[in-house]
Amino acid sequence: MTRKQLFCSSSLIVLALATPSRSEATQNLQPHIASSFQQTLTQAVGGACPSCQLLSLERRALSARVAEYSFPVRVGLGPHDLIRLHRVVAESAPFVPVRASRALFMAHGDAWGFDAAFLSSAASPAVVDSHALPVFLAEAGIDVWGIDFRWTQVPATTTDLAFLANWGIETDARDLGVGLAVARFARGLGGNGFGRIHLLGWSRGGQIGYAYLNGETQVPTALRQVKGFIPVDIYLKTNVPSIQAAACLRLGLTLARQRAGEVADATGALIATLGNLAKAAPGGASPIFPGLTNRQAALLTVEATFSFFPPGGEIVPFYHFNGGTFDGNGLPNGLLYSNEAGVIDFLTLAAPVQPLQELADGDAAICESSPDFIVPDVPFDDHLAQITVPILYVGAVGGFGDFGVYTTTRLGSSDVSTRVVTLRPPTERLFDIGHADIFQANDAPTLFWQPILDWLRSH
């Protein structure tokens, strides 16, 4: 299938209704209304992607007015060709979403799927369920959708991972197109109209968002799905030589792993293990970081995330998930902006594997060329200058921060806004608000979420 065919097939929403595919029976749902709601989703999946199939449906309440619906969708013939879609929306009654004129589709990044990345509060007793951007937006009348990319659905018990070999950024961009089409089709059937919707991509999800928009420039305007784009704390291009060199270093290491026959990265499994050990025995000796307790090892993961990269391969200086404090010996001993127990619960939710090809793709786009090896050509950055949708870049200085702004200058968009939050002096970047604090910090609603909501309302 050509890229143009790919985007056309995921944009059938704007053309006509298609015959819905059959789905498996959903268990333990409110009979009549739930059945009608699932039938609408089945129609939406079938209309957006005739070869796809909705498999089941789950609902859970997140606040007094807001619920999440999640449903796996088969997108291919292989046993692991599955994505999971999510909808977080205000209801007038269970399985009766209120109508919303504005919608946002959210794409997660490395290691964590939609629920883990954006709704981790619902899995943590230490944080109220409603402390989550999707709930915040849904309470304000935004229809929020999201995706779990197919690699997050691979069970930890899977031993043969050969199918991951060719799953890269374009694979996820294609699945993102399917998810967008399903969301638009379902909104149309629910009386919200079939119009384009906004897209938010955090971290790697931002790179996937750029890749999707790059491809969408090559199809007729009538078939395009994205109304505006919010890249959150990420870059796809850089004008900083040291950061470009770091991407080349990482790429060289990843290509060597692929030549050795590796297809998967297991950093997510390591992160989940660190989180589980910190929960089970916080004061116990870490088997992963000798000399640290399990709590200290988990805090090191979020407070000094840059230390997980090879020397010279850090994505930005002092990159970290969560801003924190260190004792007199330089050991992590607490968080500055987010709930510690909630963050440790977040670590436990990491997916076990991720395709190496996806990591290689992202670094190839940044590296561009190297004197040491041939950099693979990635097609998803060929048309960035033709992207003209409105852009809101959101960053945290302890994460990618200002380094993410440059990519927006490579676009053709005339409507570009930025919101980069810093809470410390430039010399204290290590302690500044971090990459995951954007969604987890106690003050995230004021610092990040309200500006996002304001932009959505104005666009």
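Each remark here, short or long, concerns the structure printed above.
Keep in mind that what you see is a predicted model, and the values were worked out from it rather than measured. (Residues numbered from 1 in each chain as written. Predicted model: local features only at pLDDT ≥ 70, side-chain atom pairs only at ≥ 80, totals over all residues. Heavy atoms only, no water.)

Attention shifts here to the overall build of the protein. Broken down by element type, the protein carries 14 helices and 15 strands. Over its C-alpha atoms the protein spans a radius of gyration of 21 Å, differing by no more than 12% from the 23 Å that the globule rule assigns to 459 residues. If one aligns the C-alpha atoms of the protein with their principal axes, the spans along those axes are about 65 × 50 × 45 Å. Here the protein holds 459 residues, and 56% of them are scored as buried. Considering only contacts in the protein between residues 6 or more positions apart, those separated by 24 or more positions represent 73%. (Helix = DSSP H or I, 4+ residues; strand = E, 2+ residues; numbered from the N terminus. Rg over C-alpha atoms; globule rule 2.2 N^0.38 Å. Buried < 20%, exposed > 50% of the residue type's maximum accessible area, 1.4 Å probe, protein only. Contact = heavy atoms within 4.5 Å.)

With seven of nine residues buried, helix H10 (residues 340-348) lies mostly within the body of the structure. All of the buried residues along H10 are Gly-342, Val-343, Ile-344, Asp-345, Phe-346, Leu-347 and Thr-348. Check the buried side of H10 and you find it contacts helix H3 (114-118), helix H8 (267-280), helix H9 (294-303), strand E12 (332-335) and helix H13 (437-440).

Moving on: the layout of surface pockets. Reported here for the largest pocket is a volume of approximately 850 Å³. Lining of the largest pocket is provided by 36 residues; of these, Asp-110, Arg-204, Thr-267, Phe-309 and Leu-359 occupy positions nearest its centre. The element contributing the most residues to the lining of the largest pocket is helix H7 (residues 241-259), with four residues. A breakdown of the residues in the lining of the largest pocket according to their chemical character gives 20 nonpolar, 10 polar and six charged. (1 Å grid on protein atoms, 1.4 Å probe; cavity = no way out; pocket = protein on both sides within 12 Å on 5 of 7 lines; lining within 4 Å. Points joined across faces, edges and corners; volume = space filled by probe spheres on them. Nonpolar A, V, L, I, M, F, W, Y, C, P; charged D, E, K, R; others polar.)

Moving on: the state of the cysteines. Two cysteines, two sulfur atoms, one covalent bond between them: this is a disulfide. Taken as a whole and judged by the stated rule, the model has two disulfides. There is a disulfide in this structure between Cys-49 and Cys-52, and the S-S distance comes to 2.0 Å. Residues Cys-49 and Cys-52 share a disulfide whose torsion about the S-S bond is about 55°; that sign makes it right-handed. The same class applies to Cys-49 and to Cys-52, which are both buried. Linked covalently through their sulfurs, Cys-248 and Cys-367 form a disulfide whose S-S length is 2.0 Å. Given an S-S torsion of about 100°, the disulfide between Cys-248 and Cys-367 has right-handed geometry. Of this pair, Cys-248 sits in helix H7 while Cys-367 sits in helix H11 (residues 356-367), and the two are 119 residues apart along the sequence. The connectivity of the disulfides in the protein is 1-2, 3-4, where the numbers refer to bonded cysteines in sequence order. (Disulfide = S-S within 2.5 Å.)

In this structure, Ser-203 is a non-glycine residue whose phi angle is positive, near 60°. In this structure, Ser-203 sits in the loop between strand E8 (197-202) and helix H6 (204-216). At Glu-368, a position not held by glycine, the phi torsion is positive, near 70°. Relative to the elements of secondary structure, Glu-368 occurs in the loop between H11 and strand E14 (391-396).

The next thing to look at is the pattern of salt bridges. By the definition in use, this model includes 18 salt bridges. The partner of Asp-143 in a salt bridge is Arg-187, with the nearest N and O atoms 3.0 Å apart. Taken together, the residues Asp-143 in strand E7 (residues 142-148) and Arg-187 in helix H5 (residues 169-189) connect sequence positions 44 residues apart. Arg-187 matches Asp-143 in its accessibility class, with the two residues each being buried. The residue Arg-150 makes a salt bridge to Asp-175 at a minimum N-O spacing of 2.7 Å. Note that Arg-150 is positioned in the loop between E7 and H5 and Asp-175 in helix H5, a separation of 25 residues in sequence. Just as Arg-150 is buried, Asp-175 falls in that class too. One continuous salt-bridge network, built from bridges that share partners, spans Asp-81, Arg-150, Arg-174 and Asp-175. (Salt bridge = Lys/Arg side-chain N within 4 Å of Asp/Glu carboxyl O.)

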